[in-house]
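Structural features, examined
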Number of protein chains: 2
Amino acid sequence: MRAILPEDNLLFAEEAFRKFTSEVSPKLCINEIPILDSLNKVSGEVVYSPIDLPPFSRSTVDGYAIKYENTPGKFTIIGKINIGEYKEIEIKENEAVEVDTGAMLPEGANAVIKIEDTKREDNIVFIDKKLRFGQNIAWIGSDIPKDFEILRKGERISPEKIATLASVGINKVKVYSPKVYVITTGDELVEPGEKLDKGKIYESNLYYLLTRLRDYIIVGSSLVRDRKEDIEKEIEKALDLADVLIITGGTSAGEKDYVHQIIREKGKIVVHGIKFKPGKPTILGQIKGKPVFGLPGNIVSTIMVYEQLIKKYLDLMSNSEHEENKKIRAKALITVEADKKRFTYIPIYILRSNKDTYFLPIPFDSYMIGTFSSADGYIALNPGDRIEEDQEAEIIIKNIDERPTLLGEEDLKMKNINVRKITLGSYPACKALEKGVGDILVISSLMCTPDNYDFKFDREILTNGKGPEIGYNDWIGISKIIKNPTVKLKSPSTVEHFLGKAKVYAPEGYIKGDKFYTERLYIVTLNNSRKFLQGIF
Amino acid sequence: MRAILPEDNLLFAEEAFRKFTSEVSPKLCINEIPILDSLNKVSGEVVYSPIDLPPFSRSTVDGYAIKYENTPGKFTIIGKINIGEYKEIEIKENEAVEVDTGAMLPEGANAVIKIEDTKREDNIVFIDKKLRFGQNIAWIGSDIPKDFEILRKGERISPEKIATLASVGINKVKVYSPKVYVITTGDELVEPGEKLDKGKIYESNLYYLLTRLRDYIIVGSSLVRDRKEDIEKEIEKALDLADVLIITGGTSAGEKDYVHQIIREKGKIVVHGIKFKPGKPTILGQIKGKPVFGLPGNIVSTIMVYEQLIKKYLDLMSNSEHEENKKIRAKALITVEADKKRFTYIPIYILRSNKDTYFLPIPFDSYMIGTFSSADGYIALNPGDRIEEDQEAEIIIKNIDERPTLLGEEDLKMKNINVRKITLGSYPACKALEKGVGDILVISSLMCTPDNYDFKFDREILTNGKGPEIGYNDWIGISKIIKNPTVKLKSPSTVEHFLGKAKVYAPEGYIKGDKFYTERLYIVTLNNSRKFLQGIF
């Protein structure tokens, strides 16, 4: 039985979030954990010191504990207290006890003289200066008196605070954080590092979630195959342990999509499907009143739904402010358009000139983790939105790769040069040339011809096979000479897979075939980037 | 045998660092670790994808795989391919294979139609529209072609990149990071959570270092007692596993300070002792050419030497830029002075008015982790430096506690009000009043008398016992009436420990005793902070 998710009735992410939080209200979670696990988590309690610190009066030097009233003078050494030792010794007038730095003081002592300020003969020590009461002593409680606050509620716990808690003997602390359990499902999944059989793919959702969730309490995770009983059992186990369940895969409408069936049977689906790309078949539901997030299973959806919905919800459960992503304004290098019906996230590269910041949208589909993770950031667009070339828009920044950048056509000659390569074709490279961004621009004569350039060379475009034409993204020069391109490849590197199945076009070096066209490539270098091409041209 | 560290011959931290790095040059370390452990570490290699991603052409929808040339038309369903399955099926003209989202395509298929756009009768499916070649297909390699760069050298590894590595089957990655082993030594140490016997203190160095070192590779840690053979054995084990050893305790000149003996015997001490407070008895040495950092054992020294020396060295070993601490400029609320001979770090609180930022130095000694960790930051002073009241200086910021702040005398009446309490006495409170900072000021008539105030009350100062006078820090009102204060307590909360041993003075409530003086306390509230005192006055 298949339940189709009707595109038009879906909610936008914000509406979905509101609906979900009003039905499954985010419960503030306080959980006790070992202090070694509490780094960067938010304290859920005020902690008062259970002891005085130091817990006893200690010597701060290696020396002799004496009565200050007897100085200057000579003293009979009646014993020694090592660090960590407890001895019931009491000193009387003109008696001394040898003490280590950090050792407790004998009864009756009220000052310590440094060993280097004394002379000793057998068991007699000579002190020729006057000491103060309390000299070289760390008095009991002089750092932290018992019952003093050492950690405040709502404070993000630092290594220093962990050391402070340890110093007063505390090894557990309550933090504002839900316990999270993560399940990934799928018969197609293979653990990274293992052999990939045909038809299988590598698991990556757990890797993302287990590292991304590190500031919360992760109580368990598992990879479960598509058997309903197994998934049911694992969900029950998870909800016994956790405050929140995140489960990936099986949320759509396929026959083996058990996750949505199980959530419906054991609890409730509050939202099924959101107008959000990538991430449409998301489930926001609950079982036994505990929030359950069902993610479609492709890794980029997991990332986007986590960033936009789950993180927000977890922040409400953990009393932390939702950290908004860093945003900047930038101009579109080329026009970009949203999906017509869904809120759309499109990954982008950032390109800067001395005076302007541009963003270049990247051809993208939801399954493309490599594309997404190589991006500098992304743009969020409402359904049907269109940002025209040179129009400014808000960009969500992940992490800008600031290396010198090659922009334009892919060619084997430049395979090994050590720059960032954005080989999305000549169209963005022509635009970059116009606007003065990028460092090495590789432009096909099929797209535009630069007035000035550093190098040029001709390359053959070859063709092989028959049938439907395998073309390239519109941005790539070669696409101009293919009449009915059907598949739009981003790179000649994968064209070999189509040999024998279609009519394939590619530059020389990528396939063997008949000469079809001679393309001229121009190379323009900016910002002293010519050095990267040394030895090539 | 005791070797004294002569104060005058010591090097400053920067000189010591230079000397150490020139003798024990920081070796750039590249180590391979599981990707799950690589979060926030710096990639030590360029990673190229070993496979095409997707590894085979997949359907992006639940539907029927067909030949696009036959659309529109009717198709005979000849099988089904589930996600994760590999089947050798080839479709011919007008045949269809049912496929899951993510399932591989049968041979011969070049398009997939969504299930909801079809009609099915038994094993016949009807498609009434024209499809494109490649429709609803994620082609092999269309995200990441084989051999494409997916991680760059020097990149800080994010959850997204971990997911990308997993997606192409990689489960280990080389990172720029030394392997670090941490040993703490001491007979006096007890694990937090356990019972504290007399003379013992709780271990906290490991807690600090194991959380602070989290961005490097920690290969082991241990707590070892002061037995030379045990420490030797542990050091050997550590250096078999690690690139760097950090060891705390035993670096000074006491009889049981084996660490410096062992480093000297097995390797070399390059620097023994630095003009640095807290942290003087630090050792920078090497064994088998591997850097060994010996720290004095008190936790605040560990923190400061780590922050100022070790972190810098580890950053050189891991190709990361040393992150400088955040700094601000602020005016001294009261005068502050350095140690005469050593570079001195003094913890401070930050207090702000609308127009100025002030810092208040805190009475401090090296063992005071509670004091240090409650501070907003610290000031670094050259030997003998003196910053006068109102003079501006550079402050190193840790984390500013922005809660409304009570400043001044400690009193039991205000024990439970929910504000930050800096009960360092009336002197800083009078200065705060002058400069308009702080929120609730509690001022003793012994120190100054405010022109305007919100509340006032009298309290008795009591005295008990005889002998040397136990007084308070000069900043506390009561210190004005004790003629020869010897011990300088920061808080009346610990005065009870001196009962029977000295002549103790304290406000009523903290001790029993004879009336000695009637002090008047004035309470001034600023910034609408009067509400915190509701129900008290």
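Quantities reported herein were computed from a predicted structural model and do not represent experimental measurements.

Structural notes on the overall build of chain A
- Secondary structure assignment for chain A yields eight helices and 38 strands.
- Here chain A has a C-alpha radius of gyration of 34 Å; the compact-globule value for 537 residues is 24 Å, and the former is much larger.
- Considered along the principal axes of its C-alpha atoms, chain A spans approximately 110 × 65 × 45 Å.
- Taking all 537 residues of chain A together, 60% fall into the buried category.

Regarding the packing of aromatic side chains
- Going through the model one piece at a time under the given rule, you end up with 34 aromatic pairs over all chains.
- Ring centres of A:Phe364 and A:Phe372 lie 6.1 Å apart, and the angle between their planes is 35°; on these two criteria the pair is classed as tilted.
- Classification of A:Phe364 as partly exposed rests on a relative accessible area of 22%.
- On the basis of relative accessible area, A:Phe372 is assigned to the buried category, the value being 1%.
- Considering the side-chain rings of B:Phe455 and B:Phe537, the 4.9 Å spacing of their centres and the 25° angle between planes classify their relative orientation as stacked. Taken together, the residues span a long stretch of sequence, with B:Phe455 in strand β34 (residues 455–464) and B:Phe537 in the segment after β38 (514–525) at a distance of 82 residues.
- Members of the aromatic cluster, each reached through a chain of ring pairs, are A:Phe276, A:Phe343, A:Tyr345, A:Phe364, A:Phe372 and A:Tyr378.
- Its end group placed over the ring of B:Phe12, B:Lys275 keeps NZ or CZ at 4.8 Å from the ring centre.

Considering the relation of the copies chain A and chain B
- Once turned by 180° and shifted 0.0 Å along the axis, chain A lies on chain B with an RMSD of 0.1 Å. A rotation of that kind, with that shift, is consistent with a two-fold axis. Residue A:Arg214, judged by its C-alpha, is the member of chain A lying nearest the rotation axis, at 6.1 Å.
- Same-surface contact between copies: 99% of interface residues of chain A are shared with the interface of chain B.

Things to note about the interface of chain A and chain B
- With 103 residues of chain A in contact, the opposing surface of chain B contributes 104 residues.
- Of the roughly 8,500 Å² buried between chain A and chain B, counting both surfaces, carbon and sulfur atoms make up 62%.
- Interface area lost by chain A to chain B is led by A:Phe133, A:Glu160 and A:Tyr367, which between them contribute 8%.
- Between chain A and chain B we count six salt bridges in total.
- Ionic pairing is found between B:Asp401 and A:Arg152, a salt bridge with its closest N-O pair at 3.1 Å.

Some remarks on the sheet that holds strand β19 (residues 244–248) of chain B
Residues and elements named next belong to chain B.
- Spatial strand order, β18-β15-β19-β23-β22-β20: six strands in an open sheet with mixed pairing. Each of the sheet's edge strands pairs with one partner strand only, and the pair in question is β18 (217–224) and β20 (267–272). Each strand of the sheet is rotated relative to its neighbour by a mean of 20°, with strand direction disregarded.
- Lying on the sheet, helix α1 (residues 13–23) is in contact with β20, β22 (283–287) and β23 (290–295); it crosses β20 at an angle near 160°.

Section: the environment of A:Glu149
- With respect to the helices and strands, A:Glu149 occurs in strand β13 (residues 149–151).
- Along the chain, A:Glu149 and A:Val47 lie 102 residues apart, while their C-alpha atoms are 5.8 Å from each other.
- Aside from chain neighbours lying at most four places away, what touches A:Glu149 is A:Val46, A:Val47, A:Tyr48 and B:Arg403.
- A polar side-chain atom of A:Glu149 sits 3.0 Å from a polar atom in the side chain of B:Arg403.

Things to note about helix α3 (residues 205–212) of chain A
- Of all eight residues in α3(A), seven are buried; the element is thus mostly enclosed.
- As for α3(A), its buried residues are in contact with β15 (179–185), β18 (217–224), β19 (244–248) and α6 (299–317) of chain A together with α2 (159–167) of chain B.

Section: empty space enclosed by the protein
- Counting across every chain of the model gives two cavities of 30 Å³ or more.
- A volume near 60 Å³ is recorded for the largest cavity.
- Classifying every residue of the lining of the largest cavity by side-chain character gives five nonpolar, two polar and five charged.
- Computed from the structure, the second largest cavity encloses a volume of approximately 50 Å³.

Side note on the pattern of salt bridges
Residues and elements named next belong to chain A.
- Evaluated as defined, the whole model comprises 73 salt bridges over all chains.
- In this structure, Lys-431 engages Glu-389 in a salt bridge whose closest nitrogen and oxygen atoms are separated by 3.0 Å. Taken together, the residues Lys-431 in helix α8 (residues 426–435) and Glu-389 in the loop between β29 (386–387) and β30 (392–397) connect sequence positions 42 residues apart.
- On the accessibility criterion, Lys-431 (13% relative accessible area) is buried.

Concerning the pairing of β19(A)
All names here are of chain A.
- Within β19, five of the five residues are buried, which leaves the element mostly enclosed by the surrounding structure.
- With burial as the criterion, each face of β19 is covered, one bearing Val-244, Ile-246 and Thr-248 and the other bearing Leu-245 and Ile-247.
- Looking at chain direction, β15 and β19 are connected through five bridges and run parallel. Opposite Tyr-181, over in β19, you have Leu-245 as the bridge partner.
- The pairing of β19 with strand β23 (residues 290–295) spans four bridges and is parallel. Along β23, the bridge assignment pairs Leu-245 with Val-292.

Considerations on the domain arrangement of chain A
- By the assigned domains, chain A splits into domain 1 (7–28 + 178–317), domain 2 (30–49 + 152–176), domain 3 (58–138), domain 4 (326–402) and domain 5 (405–537).
- Here domain 2 of chain A and domain 3 of chain A have C-alpha centroids that lie 38 Å from each other.

Structural notes on the packing of helix α1 (residues 13–23) of chain A against α6(A)
Residue and element names in this part refer to chain A.
- At a minimum axis separation of 11 Å, α1 and α6 run at an interaxial angle of 35°. Crossing geometry of α1 relative to α6 is assigned as right-handed. Of the residues in α6, those in contact with Ala-13, Phe-17, Phe-20 and Thr-21 of α1 are Leu-309, Lys-312, Tyr-313 and Leu-316.
- Taken together, the residues that form the contact of α1 with α6 break down as six nonpolar, one polar and one charged.

Examining unusual backbone geometry
- For the bond from B:Leu53 to B:Pro54, the omega torsion is -10°, close enough to zero to count as cis.
- Along the chain, B:Pro54 turns up in the loop between β4 (47–48) and β5 (58–59).
- Cis geometry is found at the peptide bond from B:Thr71 to B:Pro72, where omega equals -15°.
- As for its placement among the helices and strands, B:Pro72 is situated in the loop between β6 (63–66) and β7 (73–81).
- The backbone of A:Asn136 shows a phi angle near 60°, a positive value even though the residue is not glycine.
- Considering the arrangement of structural elements, one finds A:Asn136 in the loop between β11 (124–127) and β12 (137–138).

Considering the state of the cysteines
Residues and elements named next belong to chain A.
- Counted by the stated rule, this structure contains two disulfides over all chains.
- The residue that forms a disulfide with Cys-430 is Cys-448, at a sulfur-sulfur distance of 2.2 Å. Taking the sign of the S-S torsion, -105° for the link of Cys-430 and Cys-448, the bridge is left-handed. Of this pair, Cys-430 sits in helix α8 while Cys-448 sits in the loop between β33 (440–444) and β34 (455–464), and the two are 18 residues apart along the sequence.
- Cys-430 gets classed as buried once you look at its relative accessible area, which sits at 10%.

Examining the packing of α3(A) against α6(A)
Residue and element names in this part refer to chain A.
- Packing of α3 against α6 leaves a shortest axis separation of 9 Å and a crossing angle of 30°. Considering the angle they form, α3 stands roughly parallel to α6. Taken as a pair, α3 and α6 cross one another with a handedness that is right-handed. Taking contact as the criterion, the partners of Asn-205, Tyr-208, Leu-209 and Arg-212 in α3 are, on α6, Ile-299, Thr-302, Ile-303, Tyr-306, Glu-307 and Lys-311.

Side note on the sheet that holds strand β14 (residues 172–176) of chain A
Residues and elements named next belong to chain A.
- Pairing is antiparallel across the open sheet formed by three strands, whose spatial order is β2-β14-β3. The two strands at the open ends of the sheet, each matched to only one other strand, are β2 (30–34) and β3 (42–43).
- Here β3 runs beside β14; their pairing, made up of two bridges, is antiparallel. What sits directly across from Val-42, in β14, is Tyr-176.

What counts and how
- Residues numbered from 1 in each chain as written.
- Chains lettered and ligands numbered in written order.
- Predicted model: local features only at pLDDT ≥ 70, side-chain atom pairs only at ≥ 80, totals over all residues.
- Heavy atoms only, no water.
- Helix = DSSP H or I, 4+ residues; strand = E, 2+ residues; numbered from the N terminus.
- Rg over C-alpha atoms; globule rule 2.2 N^0.38 Å.
- Buried < 20%, exposed > 50% of the residue type's maximum accessible area, 1.4 Å probe, protein only.
- Phe/Tyr/Trp six-rings, centres within 6.5 Å; stacked < 30°, edge-to-face > 60°.
- Lys NZ or Arg CZ within 6 Å of the ring centre and 35° of its normal.
- Least-squares fit on C-alpha atoms with pLDDT ≥ 70 in both.
- Contact = heavy atoms within 4.5 Å.
- Buried area = accessible area lost by both parts, 1.4 Å probe.
- Salt bridge = Lys/Arg side-chain N within 4 Å of Asp/Glu carboxyl O.
- Pairing = 2+ DSSP bridges.
- Axes fitted to C-alpha atoms, helices over the stretch in contact; angles between N-to-C directions.
- Polar contact = N/O pair within 3.5 Å; in protein donor to acceptor, adjacent residues only side chain to side chain.
- 1 Å grid on protein atoms, 1.4 Å probe; cavity = no way out; pocket = protein on both sides within 12 Å on 5 of 7 lines; lining within 4 Å.
- Points joined across faces, edges and corners; volume = space filled by probe spheres on them.
- Nonpolar A, V, L, I, M, F, W, Y, C, P; charged D, E, K, R; others polar.
- Domains from an automatic or database assignment.
- Left-handed = near helix turned anticlockwise from the far one by under 90°.
- Disulfide = S-S within 2.5 Å.
- Parallel < 35°, antiparallel > 145°, perpendicular 65-115°, else oblique.

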